[in-house]
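# Chain and residue survey
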Amino acid sequence: MTTIDLRGRALSPAALARPLAALGRALLIAVPVLLVSTSITFLLGGLTEQDPASVVLGDSATPADVARMREVFGLDRPLPARYALWLWDALHGDLGASWFTKIPVAQSIAERLPVSLSVAAGALLIAAVLGSVSGVLAAVRQGGPLDRAVTVVTSVLATVPGFVAAVALITVFALLVPVLPAGGWAPPSAGLATWATFLVLPCVALSLDAAADVARQLRTGMADTLHENYVVGARVRGLPGWRVVLVHALRNGAGPAVAVLGMHVPRLIGGAVIVETVFALPGVGELTKTAALGGDVPVVQGALLVTIAVVLLSSALVNVLLVKLRPAARREI
């Protein structure tokens, strides 16, 4: 059976094998990274000085009661055995239960994950669009006022922390010009327009530094690509300017920008903790922060495991995209 791409063209087996090979290599790297990161996370949780059995039972608990509760929590087993059991259960979708609320960790994360993914995906989309448009325009107008303006603006935005941008956006668009909510959350079931209004400010605050980095990398990559022989030849053949820029130059000059955008995914997820706090969003970041402050180790471990898995998956997808964009990368496989 022949596979057809989005343009209606038949894909050769070699063309399919290259991205699949890149995905396979990325997943092979992800497995040891996942094991090392989860083991460190579990070790830190196991070394905490807080005894959850004593906290749950209260000061009136007897040593026998505490010992029985530690057995219920599995804290009477050696740390390596606890880690192996936790990892095995996690691979089957069981992340344990909260020490204090008894709610399954997987359920808590499933309820919060759509919020965090909405914010991260929105920030990633805004960063990609703003960075791409700014970078392409700056590359096309090299040395001109627009190029210098993009350079100055991106240099400033790259130094602005996410929480500072969040406070500034709330001040302007929720207080001075009250057109957007200052915080809170509405699910998509409340209406797409309502849902989007609660996402705009958090996504913009989280995306500014990523957009700045993408714009600078794309400008640098395309500035060299626009002078390559195949681009000059395309112009000589009379191809439209927009086609030369967006098809020939952009595809070959976008590699560094895509790599930078992929590197920003962990920063977007990590920055979501602060942004969710500022905007009072009920996401995984807020769940993790609350659990960490309360010493609820199973919730922290489960949230970190899901976060690590999302980061590794996004890195694998970025590697596949780079292979599709860069001829040099395709030749290496």
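Placed above this text is the structure.
My aim in this report is to walk through the structure given alongside it, one point at a time.

Rules behind the numbers
- Residues numbered from 1 in each chain as written.
- Predicted model: local features only at pLDDT ≥ 70, side-chain atom pairs only at ≥ 80, totals over all residues.
- Heavy atoms only, no water.
- Phe/Tyr/Trp six-rings, centres within 6.5 Å; stacked < 30°, edge-to-face > 60°.
- Helix = DSSP H or I, 4+ residues; strand = E, 2+ residues; numbered from the N terminus.
- Buried < 20%, exposed > 50% of the residue type's maximum accessible area, 1.4 Å probe, protein only.
- Patch = residues over 30% accessible without salt bridge, like charges linked within 9 Å, V, L, I, M, F, W, Y side chains within 5 Å.
- Areas by Shrake-Rupley, 256 points an atom, 1.4 Å probe, with all protein chains shown as cover.
- Salt bridge = Lys/Arg side-chain N within 4 Å of Asp/Glu carboxyl O.
- Axes fitted to C-alpha atoms, helices over the stretch in contact; angles between N-to-C directions.
- Parallel < 35°, antiparallel > 145°, perpendicular 65-115°, else oblique.
- Left-handed = near helix turned anticlockwise from the far one by under 90°.
- Contact = heavy atoms within 4.5 Å.
- Nonpolar A, V, L, I, M, F, W, Y, C, P; charged D, E, K, R; others polar.

This next bit is on the packing of aromatic side chains. Aromatic rings considered in pairs are described by the distance between their centres and by the relative angle of their planes. Enumeration over the complete set of coordinates arrives at 1 aromatic pair. A ring pair is formed by Tyr 83 and Trp 86, whose centres lie 6.2 Å apart and whose planes are at 35°; its orientation type is tilted. You can see Tyr 83 and its partner Trp 86 sitting in helix H4 (residues 79-91), 3 residues apart, about one turn around the helix. Of the two residues, Tyr 83 and Trp 86, neither departs from the other in class, the shared state being buried.

Turning our eyes to something else, we now look at a nonpolar patch on the surface. Together, Val 172, Phe 173, Leu 175, Leu 176, Val 177 and Val 179 line one region of the surface with nonpolar side chains, adding up to about 560 Å² of accessible area. In this fold, Val 172 is placed in helix H7 (residues 162-176).

Moving on, we get to the packing of helix H8 (residues 192-225) against helix H11 (residues 255-278). The geometry of H8 relative to H11 is characterised by a closest axis approach of 9 Å and an angle of 160° between their N-to-C directions. Here H11 runs roughly antiparallel to H8, going by the angle between their axes. Helix-helix and strand crossings are classified by hand; for H8 and H11 the assignment is right-handed. Of H11, the residues touching H8 (which contributes Pro 202, Leu 206, Asp 209, Ala 210, Asp 213, Val 214, Gln 217 and Leu 218) are Pro 256, Ala 257, Val 260, Leu 261, His 264, Arg 267, Leu 268, Gly 271, Ala 272 and Val 275.

As a further point, take the packing of helix H6 (residues 145-157) against H8. In the contact formed by H6 and H8, the axes pass within 8 Å of each other and the chain directions differ by 140°. Viewed along their axes, H6 and H8 adopt a mutual orientation that is oblique. With respect to the hand of their crossing, H6 and H8 are arranged in left-handed fashion. From H6, Asp 147, Thr 154, Ser 155 and Leu 157 reach across to H8, where they touch Leu 208, Asp 209, Ala 212, Ala 215, Arg 216 and Arg 219. Here the contact of H6 with H8 is composed, by residue class, of 4 nonpolar, 2 polar and 4 charged.

Interpretation note: all reported values are geometric properties and have no functional meaning in isolation.
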